[in-house]
Amino acid sequence: MTRMNWLLCPETGDVVDMEWEMPEMTGVKCYRKQGKLAEARPYDRKQEELSAVKYYGRMRELGCFTLQDVTDMVGERSAVTYLVNDYQRRGYIDRIHRNLYTVMDTEKEEPVLNRYQIGSRLFPDAYIALRSAFEARGYAPMAGNEVFVATGTRFTDFRYNGVFYRRVQPKDGADKSWVGGSLVASLEQTVVDSLHSFSGEAGLEDVVECIVRLPRLDADRLLQCLERYGNGYLYQKCGYVLEQLQEYVGLPEKFYRECRAHCASTVRYMVKGAEGLIYHREWGVYAPVLNQV
């Protein structure tokens, strides 16, 4: 029984199309010989023609693509290995992570997609979340060195082109939309997600810095996001923080009434271990003074 499979050579970074003989074969090695790629098949005239940039335009339309996408373009799997490795050597494409590639701007020698476009294309269900969503929409004071990708597909955080891509758990039914070629959580969803997951006083301050830069939020959408969580403490946190920033968010009183109606009955500490926390009876929380920008 024989089956075909693509392998990534650990020594060269090349894609190699190898045959595995089962069960007799116990291992497969990829190597270079006299500076050339180990060949699964002899080169033929058809593969010679593939060295032209005829597929570059289609790849550029996709921005990011997988080996299966290349197979669909070429129509013949036997040519995919040669094409991908050849385009990488020429600087037309670059490998992002595992089975994902991006098209390169040959003049700038940079990916044609930005960090958020890449992040939202890592997996079919991926979208940009948390602080990265504020950044992608232009409401963060500055861009960080990481992109938060919400996806149900588990992956190990990795670095590409100076940016760390980190996985976060997506929220079922999350409100999101396309922004500049990236699928991004909505502002209301991002506010709720960020107040749910911030860590420490510095994390809270970072969320506040973004919120005060936002346009007016939609109260109904905020409540829908909160309802999807169904978390009484999250109603407390969102109600308290947004009321403190009312000058910037301009939410109607009915929003705060609804939050109070769903607040947890227990007193909570928004930032555990922090000093100078003040008790706010109407929200049942001990919270730091918010430094409004």
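Up top is the structure.
Bear in mind that the values here come from a model prediction, so they are computed numbers and not experimental data.

Student: Can you lay out the overall build of the protein chain for me, pointing to particular residues and giving the numbers?
Tutor: Looking only at helices and strands, the protein chain features 12 helices and 17 strands. For the protein chain, with 293 residues in total, the buried portion stands at 45%. Within the protein chain, contacts between residues at least 6 apart in sequence are counted, and of these 56% link residues at least 24 apart. Taken as a whole, the protein chain presents about 15,600 Å² of accessible surface, with 46% of it coming from carbon and sulfur.

Student: Could you give an account of the sheet that holds strand E16 (residues 278-280), naming the residues involved and the relevant values?
Tutor: Spatially, E15-E17-E16 is the arrangement adopted by the 3 strands of the open sheet, whose pairing is mixed. One side of each edge strand has no neighbouring strand; the edge strands of this open sheet are strand E15 (268-269) and E16. Of the pairings in the sheet, the one linking E15 to strand E17 (residues 285-287) comprises 2 bridges and is parallel in character. The partner of tyrosine 269 across the bridge, within E17, is tyrosine 286.

Student: Tell me about helix H4 (residues 80-90), and name the residues and values.
Tutor: The element H4 is largely enclosed, with a buried count of 8 among its 11 residues. Along H4, the residues that are buried comprise Val80, Thr81, Tyr82, Leu83, Val84, Asn85, Asp86 and Tyr87. A positive backbone phi angle near 85° is found at glycine 91, which sits one or two residues after H4.

Student: I'd like to hear about the pattern of salt bridges, residue by residue, with values.
Tutor: Overall, the coordinates contain 8 salt bridges when judged by the stated rule. With a shortest N-O distance of 3.1 Å, glutamate 61 and arginine 58 are connected by a salt bridge. A residue pair is termed a helical-turn pair when its members lie 3 or 4 positions apart in one helix, as glutamate 61 and arginine 58 do in helix H2 (residues 56-62) at 3 residues. Residue classification places glutamate 61 among the exposed positions, given a relative accessible area of 61%. The salt bridge involving aspartate 206 is made with arginine 131; its shortest N-O contact spans 2.8 Å. Here the residue aspartate 206 occupies a position in helix H8 (residues 200-211), and arginine 131 occupies one in helix H6 (residues 130-136), the gap between them amounting to 75 residues. Since its relative accessible area comes to 23%, aspartate 206 is described here as partly exposed. Taking relative accessible area as the criterion, arginine 131 reaches 17% and is therefore assigned buried. In the salt-bridge network here, residues are joined through shared partners; they are Arg131, Glu135 and Asp206.

Student: Let's hear about the packing of helix H3 (residues 67-74) against H4: which residues, and what values?
Tutor: Working note: a packed helix pair is described by the angle between its axes plus the distance between those axes. Closest axis-to-axis distance for the H3/H4 pair is 10 Å, and the angle between their directions is 110°. Classified by the angle between their axes, H3 and H4 sit roughly perpendicular to one another. The handedness of the crossing between H3 and H4 is right-handed. Along the contact surface, H3 presents Leu67, Val70, Thr71 and Val74, while H4 presents Val80, Leu83 and Val84. Partitioned by chemical class, the residues of the contact of H3 with H4 number 6 nonpolar, 1 polar and no charged.

Student: How would you sum up unusual backbone geometry? Please name residues and give values.
Tutor: Backbone geometry places arginine 98, a non-glycine residue, at a positive phi of 50°. Considering the arrangement of structural elements, one finds arginine 98 in the loop between strand E6 (93-97) and strand E7 (100-105). Unusually for a residue other than glycine, leucine 130 sits at a positive phi of about 55°. Note that leucine 130 resides in helix H6. Taking relative accessible area as the criterion, leucine 130 reaches 16% and is therefore assigned buried.

Student: So what about the nonpolar core? Which residues, and what values?
Tutor: The biggest cluster of nonpolar side chains holds 40 residues, and the ones touching the most others in it are Phe255 and Met270. For this core, the elements supplying multiple residues, two or more each, are helix H7 (187-197), H8, helix H9 (219-229), helix H10 (232-244), helix H12 (253-261) and E17. In terms of residue count, H10 provides more of this core than any other element does, 7 residues in total. Setting aside its immediate chain neighbours within four residues, phenylalanine 255 contacts Ala219, Leu222, Leu223, Leu226 and Leu242.

Student: Describe the side chain of serine 194, listing the residues and the values that go with them.
Tutor: Looking at the secondary structure, you find serine 194 in helix H7. Looking at serine 194, the relative accessible area reads 5%, which means it is buried. With near-sequence residues (within four places) excluded, serine 194 lies in contact with Leu130, Arg131, Phe134 and Val207.

Student: Help me get a handle on the packing of H9 against H12, residues and values and all.
Tutor: For the pair H9 and H12, the least separation of the axes is 10 Å and the interaxial angle reads 15°. The angle between H9 and H12 falls in the class roughly parallel. Every pair of crossing elements has a handedness; the one defined by H9 and H12 is right-handed. On H12, the residues that touch Ala219, Asp220, Leu222, Leu223 and Leu226 of H9 are Lys254, Phe255, Glu258 and Cys259. Taken together, the residues of the contact of H9 with H12 break down into 6 nonpolar, no polar and 3 charged.

Quick notes on the rules
- Residues numbered from 1 in each chain as written.
- Predicted model: local features only at pLDDT ≥ 70, side-chain atom pairs only at ≥ 80, totals over all residues.
- Heavy atoms only, no water.
- Helix = DSSP H or I, 4+ residues; strand = E, 2+ residues; numbered from the N terminus.
- Buried < 20%, exposed > 50% of the residue type's maximum accessible area, 1.4 Å probe, protein only.
- Contact = heavy atoms within 4.5 Å.
- Areas by Shrake-Rupley, 256 points an atom, 1.4 Å probe, with all protein chains shown as cover.
- Pairing = 2+ DSSP bridges.
- Salt bridge = Lys/Arg side-chain N within 4 Å of Asp/Glu carboxyl O.
- Axes fitted to C-alpha atoms, helices over the stretch in contact; angles between N-to-C directions.
- Parallel < 35°, antiparallel > 145°, perpendicular 65-115°, else oblique.
- Left-handed = near helix turned anticlockwise from the far one by under 90°.
- Nonpolar A, V, L, I, M, F, W, Y, C, P; charged D, E, K, R; others polar.
- Core = buried A, V, L, I, M, F, W, Y, C linked by side-chain atoms within 4.5 Å.

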